[in-house]
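# Commentary on secondary and tertiary structure
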Amino acid sequence: MAGNDWINSYLEAILDVGPGLDDAKSSLLLRERGRFSPTRYFVEEVITGFDETDLHRSWVKAQATRSPQERNTRLENMCWRIWNLARQKKQLEGELAQTNAKRHIERERGRREATADMSEDLSEGEKGDAPSDLLTHGDSNRGRLPRINSADAMEAWASQQKGKKLYIVLIRHELNFRLLVFNYYNNACSLHGLIRGESMELGRDSDTGGQVKYVVELARALGSMPGVYRVDLLTRQVSAPDVDWSYGEPTEMLTLTNLEDDEDEMGESSGAYIVRIPFGPKDKYIEKELLWPHIPEFVDGALNHVIQMSKVLGEQVGGGKPVWPVAIHGHYADAGDSAALLSGALNVPMLFTGHSLGRDKLDQLLKQGRLSREEINSTYKIMRRIEAEELALDASEIVITSTRQEIEQQWRLYDGFDPVLERKLRARIRRNVSCYGRFMPRMAVIPPGMEFHHIVPHDGDIEGEAEGNDDHPTSPEPPIWPEIMRFFTNPRKPMILALARADPKKNITTLVKAFGECRPLRELANLTLIMGNRDEIDEMPSTNASVLLSVLKLIDKYDLYGQVAYPKHHKQADVPDIYRLAAKTKGVFINPAFIEPFGLTLIEAAAYGLPMVATKNGGPVDIHRVLDNGLLIDPHDQQSIANALLKLVADKQLWAKCRQNGLKNIHLFSWPEHCKTYLSRIAACKPRHPQWQQTDDGGDTSDLDSPGDSLRDIHDISLNLKFSMDGDKGASGNDSYLDSEGNLGDGNKSKLEHAVMAWSRGVSKESRKSDRGEQSQGSVFPALRRRKHIFVIALDCDDINSLVEAIRKIFASVEKETTQGLIGFILSTSLTITEIESFLASGGFNPSDFDAFICNSGSELYYSAPGAEDGPFVVDFYYHSHIEYRWGGEGLRKTLVRWASSVVDKKTGSEEHIVIPSEQLSTNYCYAFKLQSQKPGLISFVPVQVPPVKELRKALRIQALRCHVVYCQNGSRINVIPVLASRSQALRYLYVRWGVELTNMVVFTGESGDTDYEGLLGGVHKTVVLKGVCSSANSQLHLNRSYPLSDVIATDSPNVSYTAEDSSSSDIRDSLQKLGCIKA
């Protein structure tokens, strides 16, 4: 097998030893096994599908050993090591087969249940796609890509965009994450790698590759499009001594092209920019696998930038109203996770591009047999990556891919995407039929764009070079040309060009064999192999070295000297000249890889007038369908490769036709085409943005600088809030306070105004004498807007008494600051507002002790309203509209009830249900379930039969139900809430809604907590961990996670402080002083 030819040298060495193995001298291992034939063992038993570096090193040592007996022992040991690898490989193949079978059964069951829920509306339209609808599904389109096919059409489209002021945001940690905003502003992010506009260090490491160049060029191209006002590319700011200073610059403006006709549309803040957000270690460049704990910090920083820029653009082009992004586009898994959180905080649509997917990588690594699943996860944090990709599927409106192969072979591996169910749901949407709370992102195939304006195809040939004159002097030959042509006896023959690294997957050895064994092809053409750069073969990685050695052996075997070029060095700037040389000789470009995800080199070659021969596996199929400039081959069929090459080289008319087709259609892969399709997809998304920005009189209710005491101001600030005594299920639904258009009725409006006025004037003297005595007659709702610091108490204690004690210690630690009105408190919990009211009464607290209450694991938000005639709490209905995206409603509830009825206690034999739906604890945005313990009076024991949170989440995703599952209260309750709702997201909402700075928040947590515990520890806010609190929380809740907490918690963060065990109020104050929250 290609890439493992060094194993043949093992065989040759053993054959050299041959029958000379003397029984008296052979090792004990051989004697114990009786007659042993290493040759036969290699031929019959050893699977050569391994490329093990350690085995290669062992062979080098064995080869250098002079003693025949020691050499034999080493080789013998290697035989059995390879045999053990083969056995492991077979075992892994069996496990993978079982996993795939289980996945198939789960998916079929989920599909049946989803279909059963929608059975009354099924029709023939849901069984397949009409030809006109095929593009909608991405994975079923067999026609050409729907792109603009003429300059006139592009100009017509551009004229339609005149007058628009789009703001687009792209995000990528290494250029992995981007966000788009239309009519106002476009924002993009990239979280890992090193990104700058010029002189990009591509290939510096595995995190700074071609994707970096792609996103930078995309930002540039989008910034040049008609109607796009601003593009922001958000990435990580790195100020480290081992990287260039430019990566520490906060902002970098990108040079745009083709703006001559749009200069009148440019403004003060228009254009394309790289915006670097500081997060993670400030003076250290780290790999993407180590960035996971710092993702929340990036989200908070990006959120701050987008809000500030939206206000700036609002003043410039929005008529004084903030200009929000129209979409957020995440690239790669970490940026997808960030995009989901950011889109949820801003309530704007999200897009996602996975590039390389975690599940596919995990399968490939397992098949190699080098690492166990645990070792893979430890090295690559692969389970965290997969969960981020699943979350991106939950939150995305559109998933953009480069090829259909990515959809058909990679995305279908995920729980959150099923092509069959996606077609059914899409058919129902077209027919305007309910999907019963089920959602599936739309897959869109949009190949990457390229810049072609600087490319001039060569029309001459190497034989008829035109002579230069004074007006048009002949340009000198590029230096790479003689470096290649020196290999050839006849450099005028057509050149077959392969441009790929020396990797077994690129299938270069099969290409050389096909060329060597086809005499007509050898007589007509030369072969050029550009296999990267090298100095010494011995210094190359073993895999690359083995491929190169195989190529050299084949050249020698077929006597291809003078017909094959394999230069040692070339620069990135030489690549266009290499394409030009191949086109000048009327040559052919070939990509024979076993599988090619996209095939960007095929597009580059076509731009220079080279016909192509490419693998039929993967992206080249889509490229060939559009360009129609060559032939597709089976990469495993050596004869197929030779025939295709010979056909193009020998048939000049076919060669000319393919060349002409490629040049004619290449514009379909240009950046303007890409951006037009891209923008059209986003424009088709239903626009979403913060709903409170517009009031009845057109006022901006989020303006923090213009609060007043008038009835109009208070009405604006109240933002359609409803007062509630108990906050039960009715308080969170679509109540009678709203009319059919979502506005307050006249009677309710008067009632609300009266209540707000009563609250604003203050209440009885008792409330003013409370610990929160800073309430004043002229105060503006809500009180948290006036605080210097906000303390968020998010303790998931085992019992009520522990929570009461901890809160009292926190209050006592800042009693002075609280009395002065500098500090406000928020209680963040899984309890309902009714339970909170009972808790406050039993603990001796007043509702006015807290400014706000985050309830039901983050699905409800209340503010304290002392003195209001309808009760002490007011619910924020705009928060509901902020989090209701993809909320399954009644369809989700029915599925959950069905699931709960299927979970029984089989150990007792009574088939007793242990998951009980709780109508009393449920609201319209939180479905609650109680877990029955196996021992009377023990509420903290989680029954073994209850699936872990990851299994329930998986079951719901398979049915296209998007939600956030939280196991809470020490495993005695399950809260199912909207997918982008959480206690940490509620804090970001308070920042977006009321301007409460996240950096001024302090979150108090215990040593453990509910399954959403991790979200409370990251971000720009400060965190105080109370040791000894929640320490006995059920460990099974977190042991059954899909990834360990250590992968996502930054234990060394300067924003996190740990108190002493069983801390007192003075210990808490010491921690707050260390964090700089209060003065000594």
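Here, the structure is the one placed above.
Predicted model only: the values in this text are computed from it and were never measured.

About the criteria used
- Residues numbered from 1 in each chain as written.
- Predicted model: local features only at pLDDT ≥ 70, side-chain atom pairs only at ≥ 80, totals over all residues.
- Heavy atoms only, no water.
- Helix = DSSP H or I, 4+ residues; strand = E, 2+ residues; numbered from the N terminus.
- Buried < 20%, exposed > 50% of the residue type's maximum accessible area, 1.4 Å probe, protein only.
- Contact = heavy atoms within 4.5 Å.
- Areas by Shrake-Rupley, 256 points an atom, 1.4 Å probe, with all protein chains shown as cover.
- Pairing = 2+ DSSP bridges.
- Axes fitted to C-alpha atoms, helices over the stretch in contact; angles between N-to-C directions.
- Phe/Tyr/Trp six-rings, centres within 6.5 Å; stacked < 30°, edge-to-face > 60°.
- Lys NZ or Arg CZ within 6 Å of the ring centre and 35° of its normal.
- Salt bridge = Lys/Arg side-chain N within 4 Å of Asp/Glu carboxyl O.
- Parallel < 35°, antiparallel > 145°, perpendicular 65-115°, else oblique.
- Left-handed = near helix turned anticlockwise from the far one by under 90°.
- Nonpolar A, V, L, I, M, F, W, Y, C, P; charged D, E, K, R; others polar.
- 1 Å grid on protein atoms, 1.4 Å probe; cavity = no way out; pocket = protein on both sides within 12 Å on 5 of 7 lines; lining within 4 Å.
- Points joined across faces, edges and corners; volume = space filled by probe spheres on them.
- Right-handed = clockwise from strand over helix to strand, strands pointing away.
- Polar contact = N/O pair within 3.5 Å; in protein donor to acceptor, adjacent residues only side chain to side chain.
- Expected span 1.5 Å × (residues − 1).
- Arc of directions from axis to C-beta.

## A few points about the overall build of the protein chain
For the protein chain, the helix and strand inventory stands at 37 helices and 31 strands. Relative to its 1080 residues, the protein chain shows a buried fraction of 59%. For the protein chain, long-range pairs separated by at least 24 residues make up 70% of all intrachain contacts whose partners lie at least 6 apart in sequence. Just so you have it, the protein chain exposes about 44500 Å², and 49% of that area is on carbon and sulfur atoms.

## Description of the sheet that holds strand β14 (residues 588–591)
Spatially, the six strands line up as an open sheet ordered β13-β12-β11-β14-β15-β16, and their pairing is parallel. One side of each edge strand has no neighbouring strand; the edge strands of this open sheet are β13 (564–565) and β16 (630–633). Pairing analysis gives two bridges linking strand β12 (residues 526–530) to β13, with the strands arranged parallel. Paired with Leu-527 across the two strands is Val-564, which belongs to β13. Together, β11 (495–499), β12 and β14 form the strand contacts of helix α20 (residues 575–584), whose direction differs from that of β11 by roughly 155 degrees. Its contacts with the sheet place helix α21 (residues 600–607) against β11, β14 and β15 (612–615), and it is angled at close to 175 degrees to β14.

## Re unusual backbone geometry
One non-glycine residue, Tyr-332, lies in positive phi territory at about 75 degrees. By secondary structure assignment, the location of Tyr-332 is in helix α10 (residues 332–346). Within the chain, Tyr-436 stands out as a residue other than glycine whose phi angle is a positive 55 degrees. Assignment of secondary structure puts Tyr-436 in the loop between α15 (419–430) and β10 (442–445).

## Things to note about the packing of aromatic side chains
Here the structure, examined in full by the defined rule, presents 18 aromatic pairs. Ring geometry for Phe-487 and Tyr-566: centres 5.0 Å apart, planes at 50 degrees, overall tilted. Within this pair, whereas Phe-487 is found in the loop between α16 (480–485) and β11, its partner Tyr-566 is found in the loop between β13 and α20, the two being separated by 79 residues in sequence. The same class applies to Phe-487 as to Tyr-566, namely buried. Taking the centre distance of 5.8 Å and the plane angle of 85 degrees together, the rings of Phe-811 and Phe-845 count as edge-to-face. Placement of Phe-811 in helix α29 (residues 800–813) and of Phe-845 in the loop between α31 (833–843) and β20 (852–855) is noted, with a sequence separation of 34 residues between them. The exposure class assigned to Phe-811 is buried, which follows from its relative accessible area of 13%. By way of ring pairs, the aromatic residues Phe-791, Phe-811, Phe-825, Phe-839, Phe-845, Phe-850, Phe-853, Phe-873 and Phe-1004 are connected into one cluster. Sitting over the face of the ring of Phe-279, Arg-236 holds its NZ or CZ atom 5.8 Å from the ring centroid.

## Focus on the pattern of salt bridges
Summed over the entire model, instances satisfying the criterion amount to 32 salt bridges. Between Asp-117 and Arg-898 there is a salt bridge, and its shortest N-O distance comes to 3.2 Å. Note that Asp-117 is positioned in helix α5 (residues 68–117) and Arg-898 in helix α33 (residues 889–902), a separation of 781 residues in sequence. Among the residues examined, Asp-117 registers a relative accessible area of 19% and is labelled buried. The class for Arg-898 is partly exposed, based on a relative accessible area of 31%.

## Focus: the sheet that holds strand β27 (residues 964–968)
The sheet built from four strands is open, its strands ordered β25-β26-β28-β27 with antiparallel pairing. Of all strands in the sheet, those bounded by a partner on one side alone are β25 (915–923) and β27. When the angles between neighbouring strand axes are averaged without regard to direction, this sheet yields 25 degrees. Where β27 meets strand β28 (residues 973–977), five bridges bridge the pair, whose relative direction is antiparallel. Of the residues in β28, the one forming a bridge with Cys-968 is Arg-973. Across the sheet, helix α34 (residues 949–958) lies against β27 and β28, angled at about 155 degrees from β27, the strand it touches most.

## A few points about the packing of α29 against helix α37 (residues 1065–1074)
Contact pair α29 / α37: the axes reach a minimum separation of 8 Å and the direction vectors enclose 60 degrees. In terms of orientation, α29 and α37 fall into the oblique class. As for the relative orientation of α29 and α37, their crossing is right-handed in sense. In contact with Lys-809, Ile-810, Ala-812 and Ser-813 of α29, α37 contributes Ser-1065, Ile-1068, Arg-1069 and Leu-1072. Residue composition of the contact of α29 with α37, grouped by class: four nonpolar, two polar and two charged.

## A closer look at empty space enclosed by the protein
Scanning the model with the defined rule gives twelve cavities of 30 Å³ or more in all. Within this model, the largest cavity holds a volume of roughly 680 Å³. Taken together, 33 residues form the lining of the largest cavity, with Arg-384, Leu-391, His-964, Glu-1014 and Tyr-1043 sitting closest to its centre. Going through the elements one at a time, α9 (295–317), α10, α13 (382–395), α34, β27 and α35 (983–994) are the ones with two or more residues in the lining of the largest cavity. Classifying every residue of the lining of the largest cavity by side-chain character gives 14 nonpolar, seven polar and twelve charged.

## Remarks on the side chain of Ser-640
With respect to the element layout, Ser-640 can be found in helix α23 (residues 638–650). Relative accessible area serves as the criterion here: at 19%, Ser-640 is assigned to the buried category. Those residues in contact with Ser-640, other than ones at most four positions away along the chain, are Ile-633 and Asp-634.

## Overview of the pairing of strand β4 (residues 228–236)
Burial within β4 is extensive, with nine of its nine residues counted as buried. Relative to β4, strand β1 (residues 166–171) is paired through six bridges, and the arrangement is parallel. Residue pairing for β4: Val-169 is matched across the bridge by Asp-232. Of the strand pairs in this sheet, β4 and strand β6 (residues 271–277) are connected by seven bridges, and their pairing is parallel. Each residue of the ladder has a partner; that of Thr-235, found in β6, is Arg-276.

## A few points about the pairing of strand β8 (residues 350–353)
Neither face of β8 is exposed, since Met-350 and Phe-352 on one face and Leu-351 and Thr-353 on the opposite face are all buried. Strand direction decides the pairing type here: strand β7 (residues 328–331) and β8, joined by four bridges, are parallel. Along β8, the bridge assignment pairs Gly-330 with Phe-352. In terms of handedness, the path from β7 via α10 over to β8 forms a crossover that is right-handed. Inspection of the sheet shows β8 paired to strand β9 (residues 398–401) by two bridges, in the parallel sense. Within β9, the position partnered with Phe-352 by the bridge is Val-399.

## Observations regarding the side chain of Arg-385
Tracing the backbone through its elements, the reader meets Arg-385 in helix α13. Its relative accessible area of 3% is what places Arg-385 among the buried residues. When near neighbours in sequence (up to four residues on either side) are disregarded, Arg-385 contacts Trp-292, Tyr-332, Ala-333, Ser-356, Leu-357, Gly-358 and Lys-361.

## With respect to the environment of Asp-876
Of note, Asp-876 is situated in the loop between β22 (873–875) and α32 (877–883). Placed 15 residues apart in sequence, Asp-876 and Leu-861 show a C-alpha to C-alpha distance of 5.8 Å. A distance of 3.0 Å separates a polar atom in the side chain of Asp-876 from the backbone nitrogen of Tyr-878.

## Brief notes about helix α24 (residues 652–665)
The end-to-end C-alpha distance of α24, which contains 14 residues, comes to 20 Å, matching closely the 20 Å that a straight helix rising 1.5 Å per residue would cover. Buried residues of α24: Leu-654, Trp-655, Cys-658, Arg-659, Asn-661, Gly-662 and Asn-665, and no others. Axial view of α24: buried residues confined to an arc of 160 degrees, hence all on one face. Those residues of α24 that are exposed and angled more than 90 degrees off the buried face are Gln-653, Lys-657 and Lys-664. Of the surrounding secondary structure, the elements contacted by the buried residues of α24 are α20, β14, α21, α22 (620–627), β16 and α23.

## Overview of the environment of Lys-894
Within the secondary structure layout, Lys-894 lies in helix α33. By relative accessible area, which is 45% here, Lys-894 ends up partly exposed. In sequence terms Lys-894 and Asp-117 are 777 residues apart; their C-alpha atoms lie 9.0 Å from each other.

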